[in-house]
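# Residue-level structural notes
Okay, here's what each chain looks like letter by letter:
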Number of protein chains: 2
Amino acid sequence: MSITIKDVARAANVSVATVSRVLNKKSNVSDDAAEAVNRAVKELGYSPNFLGRDLRKSETRRILAIIASTEQSFYSEVLRGMEEAASAKGYDVIIATTRDDPNHEMHLLGMLFSRSVDGAVLLGPKLDAATISQLAENHNIAMCLERLENCKVLTVTIDNVKAGKDAVNYLINKGRRRIGLITTKLRSQSSIDREIGYRQALEENGIPYDESLIFYGSYEAESGTKGCEALMNLPNRPDAIFSISDMIAIGAMNYALSSGIDIGKEVLFFGFDDIQYSHIFVPHLSTVRQPCFLQGKMVVEKLIENMKSDEPDKSLYMLPHSLILRETTGD
Amino acid sequence: MSITIKDVARAANVSVATVSRVLNKKSNVSDDAAEAVNRAVKELGYSPNFLGRDLRKSETRRILAIIASTEQSFYSEVLRGMEEAASAKGYDVIIATTRDDPNHEMHLLGMLFSRSVDGAVLLGPKLDAATISQLAENHNIAMCLERLENCKVLTVTIDNVKAGKDAVNYLINKGRRRIGLITTKLRSQSSIDREIGYRQALEENGIPYDESLIFYGSYEAESGTKGCEALMNLPNRPDAIFSISDMIAIGAMNYALSSGIDIGKEVLFFGFDDIQYSHIFVPHLSTVRQPCFLQGKMVVEKLIENMKSDEPDKSLYMLPHSLILRETTGD
DNA sequence: ACTATTTGTTGAATCGTTTTCATTCCGGCA
DNA sequence: TGCCGGAATGAAAACGATTCAACAAATAGT
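Cut-offs used in this document
- Residues numbered from 1 in each chain as written.
- Chains lettered and ligands numbered in written order.
- Predicted model: local features only at pLDDT ≥ 70, side-chain atom pairs only at ≥ 80, totals over all residues.
- Heavy atoms only, no water.
- Near = heavy atom within 4 Å.
- Polar contact = N/O pair within 3.5 Å; in protein donor to acceptor, adjacent residues only side chain to side chain.
- Helix = DSSP H or I, 4+ residues; strand = E, 2+ residues; numbered from the N terminus.
- Nonpolar A, V, L, I, M, F, W, Y, C, P; charged D, E, K, R; others polar.
- Contact = heavy atoms within 4.5 Å.
- Buried area = accessible area lost by both parts, 1.4 Å probe.
- Salt bridge = Lys/Arg side-chain N within 4 Å of Asp/Glu carboxyl O.
- Disulfide = S-S within 2.5 Å.
- Buried < 20%, exposed > 50% of the residue type's maximum accessible area, 1.4 Å probe, protein only.
- Axes fitted to C-alpha atoms, helices over the stretch in contact; angles between N-to-C directions.
- Parallel < 35°, antiparallel > 145°, perpendicular 65-115°, else oblique.
- Left-handed = near helix turned anticlockwise from the far one by under 90°.

## Section: the protein's contact with DNA strand C
Taken together, 25 residues form the shell around DNA strand C, and within it R21 and S30 of chain A together with I5, S20 and R56 of chain B come nearest. G52 of chain B places a polar main-chain atom, nitrogen or oxygen, 3.1 Å from a base nitrogen of DNA strand C. Only α2 (16-23) and α4 (50-57) of chain A together with α2 (16-23) and α4 (50-57) of chain B provide two or more residues apiece to the surface near DNA strand C. A per-element tally of the surface near DNA strand C places α4 of chain B first, with five residues. Its residues assigned to classes, the surface near DNA strand C shows 10 nonpolar, nine polar and six charged.

## Remarks on the interface of chain B and chain A
By a frequent convention, interface size equals the accessible area lost on bringing the separate parts together. With 47 residues of chain B in contact, the opposing surface of chain A contributes 47 residues. Across the interface of chain B and chain A, roughly 4200 Å² is buried in total on both sides, 54% from carbon and sulfur atoms. Of all residues in chain B, L51, R115 and Y277 of chain B give up the largest surface area on contact with chain A, accounting jointly for 17% of the area buried on that side. At the junction of chain B and chain A, the tally comes to two salt bridges. E83 of chain B is paired through a salt bridge with R99 of chain A; the nearest N and O atoms lie 3.4 Å apart. Scanning the region where chain B abuts chain A turns up 19 residue pairs in polar contact (both at pLDDT 80 or more). Counting residues per element, the ones that place at least two in the side of chain B that touches chain A are α4, α5 (75-88), β2 (92-97), α6 (102-113), α10 (221-232) and α11 (246-258) of chain B. It is β2 of chain B that provides the largest number of residues to the side of chain B that touches chain A, a total of six residues.

## Brief notes about the state of the cysteines
All names here are of chain B. One pass over the structure, following the stated rule, counts zero disulfides over all chains. Just so you know, C144 is unpaired, no disulfide at all, and the nearest cysteine sulfur is the one on C292, 8.4 Å from it. With relative accessibility at 0%, the residue C144 sits in the buried group.

## With respect to the environment of Y46 of chain A
Residue and element names in this part refer to chain A. Structurally, Y46 is set in the loop between α3 (31-44) and α4. Y46 gets classed as buried once you look at its relative accessible area, which sits at 11%. Not counting the four nearest positions on each side in its chain, Y46 is found in contact with I3, T4, I5, V8, L23 and V41.

## Some details on the pattern of salt bridges
Inspection of every chain in the model, using the stated rule, returns 38 salt bridges over all chains. Ionic pairing is found between R80 of chain B and E77 of chain B, a salt bridge with its closest N-O pair at 2.7 Å. Taken together, the residues R80 of chain B and E77 of chain B, both in helix α5 and three residues apart, mark about one turn of the helix. Classification of R80 of chain B as partly exposed rests on a relative accessible area of 41%. We classify E77 of chain B as partly exposed; its relative accessible area is 33%. Members of the salt-bridge network, linked through shared partners, are R147, E149 and D193 of chain A.

## Things to note about the packing of helix α8 (residues 160-173) of chain B against helix α9 (residues 189-204) of chain B
Between two packed helices, what matters for the description is the angle formed by their axes and the separation of those axes. Residue and element names in this part refer to chain B. In the contact formed by α8 and α9, the axes pass within 7 Å of each other and the chain directions differ by 40 degrees. With respect to α9, the axis of α8 lies oblique. Seen from above, α8 lies across α9 with right-handed handedness. Along the contact surface, α8 presents N160, V161, G164, K165, V168, N169 and I172, while α9 presents S190, D193, R194, I196, G197, Y198, Q200, A201, L202 and E204.

## Examining the protein's contact with DNA strand D
Taken together, the neighbourhood of DNA strand D is formed by 26 residues, with I5, S20, N49 and R56 of chain A together with S15 of chain B sitting nearest. Considering the 4 Å shell around the protein, atoms of DNA strand D inside it are sugar or phosphate in 63% of instances. Taking N24 of chain A, its side chain carries an N or O atom lying 3.0 Å from a phosphate oxygen of DNA strand D. With respect to DNA strand D, the backbone of S15 of chain B contributes an N or O atom lying 2.6 Å from a phosphate oxygen. At the level of elements, α2 and α4 of chain A together with α2 and α4 of chain B are the ones that each hand at least two residues to the surface near DNA strand D. Counting residues per element, the surface near DNA strand D draws most heavily on α4 of chain A, at five residues. Among the residues making up the surface near DNA strand D, the classes are represented as 10 nonpolar, 10 polar and six charged.

Take a look at the structure:
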């Protein structure tokens, strides 16, 4: 059917071994033979079948990134970081989406079990800590952006507790005392951590925790709008709102704008993620920026190291975040 | 090293052939044997090595989607459609990004040449028509969302000329005569087609074509802002603006908002793509919606058909688009 | 001139599957 | 009893590469 290394060998009048050596730029091959092989390769339009190669070498030089969907443009930078690191070591990154379905996530991990990829990085997994820990015992798995409590697996993320605390502290330092929080009902660990940070900031500043100031919604912008409406109609309404994502914050500001609230003075807004729209949407949103590119780069570097080592590193790495201050906090 | 089919065979006291038959649910295997194999598989935690299987079967049941980056959340729906269709036929979709680099795009296509995937779909290719046509002669390639002039390859997209024309006609029917166009300097075919549609609409309505009403920028929102500024400072400024993407339109509206223009009355705005933000950003943007999911679904269905057929379908399919009318056109 | 070493090459083994082909076993039928 | 057919099984041949082990030829060293 298609051209194999045998055809090339025949055409170049050498053995398949020689062809292989030429193709892999190994030593011990005469110039004559090399040239003949190269000519044959070109003439026949040969391109090696990686299934054969990968089987023999037991490696594919491919890393699978598993994400929920490509909707969150947020992942984009992380993936770029992953590709950069992978590329530098001669690996390719391929992406697959879970559609928020743990079963499908497991199906995708099948590519790892079946040796179709050498390693996998989970960005916001749907599977639980126990399952992942167990899989990580025999396979090259890492997590990025999210950590999981009690999960023994290589993880690269940020300190979401501290990030939440930093954001809220900033609002407090701006003289705000009633700070609303818009978060999600179904929560990833990062959302939980950000909420913990929110509480810590209040506590450390002697501000009483008021349950009514917390709105639990979904990840959609619309949910932010609803949350803002609820909070703003409180008898004692907040003078600042911290949202656990920019998307939610933008939704929230939508309500504020439409009801004539003076954003940045009357009520301050703080988001999380620094997505592209956070500085397109007017007024520009103050937010927490994660080192996305760096997290992606680091997780792949560590993962590749793990693949060669026989006692893999399963630590939790937390990279530094930063506050981006814009109009919604009056900056 | 790891557990192979041989180990399972040994443990179950049968031959590898029988194990294979059980695993693939083939007939002609006794209940006893089947049970023994299944137990052994479970006990050993065996999972088949697909490199061996794929090599033997010469198929991977994997389709590669090649996109520029995951930044355009716009692709998300298309990919979902692709996955739906693939899944239905027992295929997986994996994604890889070109980083806007034609060389890297070619590198990714290497996965196709080296049989690491069974087919590839290009969403907005960086390679030229001639190259792609040639590759499509020997490989299972398809294009989606974008077409390429004189490119003999299976393509699923929309009629961007008509879509552009429809949008501009709508503005004309609203009584507008000076219609600005914000497009990109480096253009994909879809941008070109939308501009052609713009011109056709003017022509058919006897409106003279005015070069100064066209702004050539980039795909960023900022470029839309600049474009709008330029057009609005024209001596004879436009009363409507058609942008070739929502992103650009949102950038454009940013300028309009900040300079106190009454959007939807004084100046109408029309975008393209119907991205999520087009109805989050206020005022809500009128735009052209593509059948993203459907395009993805169709292209994979046709591609899989092509993979089995020996005279592949290389037609151009154009799916119907629709106009979404919101506040920016006064609806 | 003879042995060591290097260099270039090759045939064959290997990777882990699927699948073909042959074989065995067993029951049914004449 | 003898023959046939179908079901269950296993041995071995693929699939297409890499690489080990072996060897011939050439070069170098004494």
